[in-house]
Amino acid sequence: MRLVFLGAPGSGKGTQAVWLQGRFGIPQISTGDILRKAVTEGTELGKKADSIMKSGALVSDELIIALMRERLGQPDCARGFILDGFPRTIAQGESLDAMLGPARAIQSAIFFEVSEAEIIRRLTSRRTCAQCGRIYNILSDPPPASGACGSCGGAIIQRKDDSEETVLSRLKVYEEKTAPLKEFYYKQKKLYILRAEQPVERVRAELEALLAGLQAV
Ligand code: AMP
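Now for a look at the structure at hand. Within each chain, residues carry numbers counting from 1 in the order of the written sequence. Totals for whole chains, interfaces and linings use every residue, but because this is a predicted model, local features are given only for residues with pLDDT of at least 70 and side-chain atom pairs only at 80 or more, for both listing and counting. Side-chain calculation: all heavy atoms of the structure are included, whereas hydrogens and water are not.

**A short note on helix 4 (residues 61-72)**
Keep this limit in mind: Here a strand is any run of E in DSSP of at least two residues, a helix any run of H or I of at least four, and the numbering for each starts at the N terminus. For a helix, the expected span equals 1.5 Å multiplied by the residue count minus one. Burial here depends on accessible area, computed with a 1.4 Å probe over protein chains only, as a share of the maximum for the residue type. Under 20% is buried, over 50% is exposed, and the range in between is partly exposed. Picture the helix axis, draw a direction to every C-beta atom, and the arc is the one those directions span. In this description, contact between two residues means that some pair of their heavy atoms is separated by no more than 4.5 Å.
For helix 4, with 12 residues, the first-to-last C-alpha span of 16 Å sits near the 16 Å given by 1.5 Å per residue. Within helix 4 the residues assigned to the buried category are I64, I65, L67, M68, R71 and L72. The arc that holds the buried residues of helix 4, viewed along the axis, is 165°, so those residues lie on one side. For helix 4, exposure combined with an orientation more than 90 degrees from the buried face picks out E62 and E70. For helix 4, the elements touching its buried residues are strand 2 (28-30), helix 2 (31-41), helix 3 (44-55), strand 3 (81-84) and helix 5 (90-100).

Laid out in structure tokens, this is it:
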């Protein structure tokens, strides 16, 4: 199964991709997670990406494409993968098609549809474990009162790019650069729309039904 998850930041792609990874045993690959790890570790990539990420802009296509070429060549991707946060521009989508070739082409792109008001509400109330990446929400899924992650004991933080000001610029970048990928996959007859504003369990159930339908084809 080779899937792309499309949607604005905060549309719930990451949550469902992590769950699917456990369900199907194929890796969930988040370019945002890879970049955040590089920033924490202070690598060359991390140094280049840090200030760009804090501002809500996109890291250059060149860097991201090189990173993904390397990642998709690793053995754990042989049986498939779920791409979360990549591609984010048409140039990335075209490079992805070229690097996979017809034999390993993307099978489906699933678009997580959520209104802008809901995205803003979700992102500004999102909290993240700095250690394991587990996502909480102060409105619907609050972290433990101790401030330590319930999974790993790490510190719960608000990502710098989840502040209201940066969220608005991330949404603008999303509309300009990433939203056109919907049409890109629609033209390839690979686009599926998921009603992602529903509670997380309902989205999961719809996603499961959608994937079961795809596998039956
Ligand atoms: P995310 O965790 O997917 O919301 O990504 C956080 C930030 O990492 C984005 O706002 C970008 O600055 C950067 N980033 C992640 N994925 C990409 C990508 N495919 N292309 C360019 N920048 C990216």
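There's more to say after this.
**Structural notes on the sheet that holds strand 5 (residues 126-129)**
Rules: Two strands form a pair only when DSSP identifies at least two bridges running between them.
Spatially, 6-5-7 is the arrangement adopted by the three strands of the open sheet, whose pairing is antiparallel. The open sheet has two free edges, formed respectively by strand 6 (135-137) and strand 7 (156-157), since each of these has just one partner strand. Both strand 5 and strand 7 contribute to a ladder of two bridges, which runs antiparallel. Considered in strand 7, the bridge of C129 is made with I156.

**Focus: the site of the ligand**
Short version of the rule: One heavy atom within 4 Å of a molecule or strand makes the whole residue count as near it. We define a polar contact as two N or O atoms separated by no more than 3.5 Å, with the added condition that, inside protein, one atom must be a possible hydrogen donor and the other a possible acceptor, whereas residues neighbouring each other in sequence contribute only through side-chain atom pairs. Reported accessibility uses the Shrake-Rupley method at a 1.4 Å probe radius. Residues are deemed covered only where the shown protein chains occlude them. All residues other than Ala, Val, Leu, Ile, Met, Phe, Trp, Tyr, Cys, Pro, Asp, Glu, Lys and Arg, Gly among them, are scored as polar; the first ten of these are nonpolar and the last four charged.
The ligand sits among 16 residues. The nearest are T31, R36, A57, G85 and Q92. The separation between an oxygen atom of the ligand and a polar main-chain atom of A57 is 2.6 Å. At 3.4 Å from an oxygen atom of the ligand is found a side-chain nitrogen or oxygen belonging to R159. In the complex, the protein chains occlude 95% of the 480 Å² of accessible area that the ligand would expose alone. Here the shell around the ligand takes four residues from helix 2, the largest share from any one element. Here the shell around the ligand is built from residues that sort into seven nonpolar, four polar and five charged.

**Notes on the pattern of salt bridges**
Note the threshold: A side-chain nitrogen of Lys or Arg and a carboxyl oxygen of Asp or Glu constitute a salt bridge if their distance falls within 4 Å.
Under the defined criterion, the tally for this structure stands at 15 salt bridges. Measuring nitrogen to oxygen at the nearest pair gives 2.9 Å for the salt bridge that ties R122 to E118. Residue R122 and its partner E118 are both found in helix 6 (residues 116-124); the two are separated by four residues, about one turn of the helix. Across the pair D161 and R159 runs a salt bridge whose closest N-O atoms are separated by 3.0 Å. A single burial state applies to D161 and to R159, both of which are buried. Linked through salt bridges whose partners overlap, the residues forming this network are R126, R159, D161, D162 and R170.

**Digging into the pairing of strand 5**
Alternating positions in strand 5 separate into two faces, R126 and T128 on one and R127 and C129 on the other, with burial throughout. Where strand 5 lies against strand 6, three bridges are found, and the strand directions are antiparallel. Counterpart to R127 in the pairing with strand 6 is Y136. Connecting strand 5 to the next strand, strand 6, in antiparallel fashion are five residues, including G133 with a positive phi near 85°.

**Focus: the sheet that holds strand 2**
As a reminder, the rule being used: The angle between two axes is taken between their N-to-C directions and runs from 0 to 180 degrees, where each axis is a line fitted to C-alpha atoms and a helix contributes only its stretch in contact.
The strand order across the open sheet built from five strands is 2-3-1-4-8, with neighbouring strands paired in parallel fashion. Every interior strand has two partners, whereas the edge strands, strand 2 and strand 8 (191-195), have only one. Across the sheet, the mean angle from the axis of one strand to that of its neighbour is 25°, orientation sign disregarded. The sheet contact formed by strand 2 and strand 3 spans three bridges and is parallel. Across the sheet, the residue bridging to I29 is L83, located in strand 3. Along the sheet face, helix 2 touches strand 2 and strand 3 and points at about 60° away from the line of strand 2.

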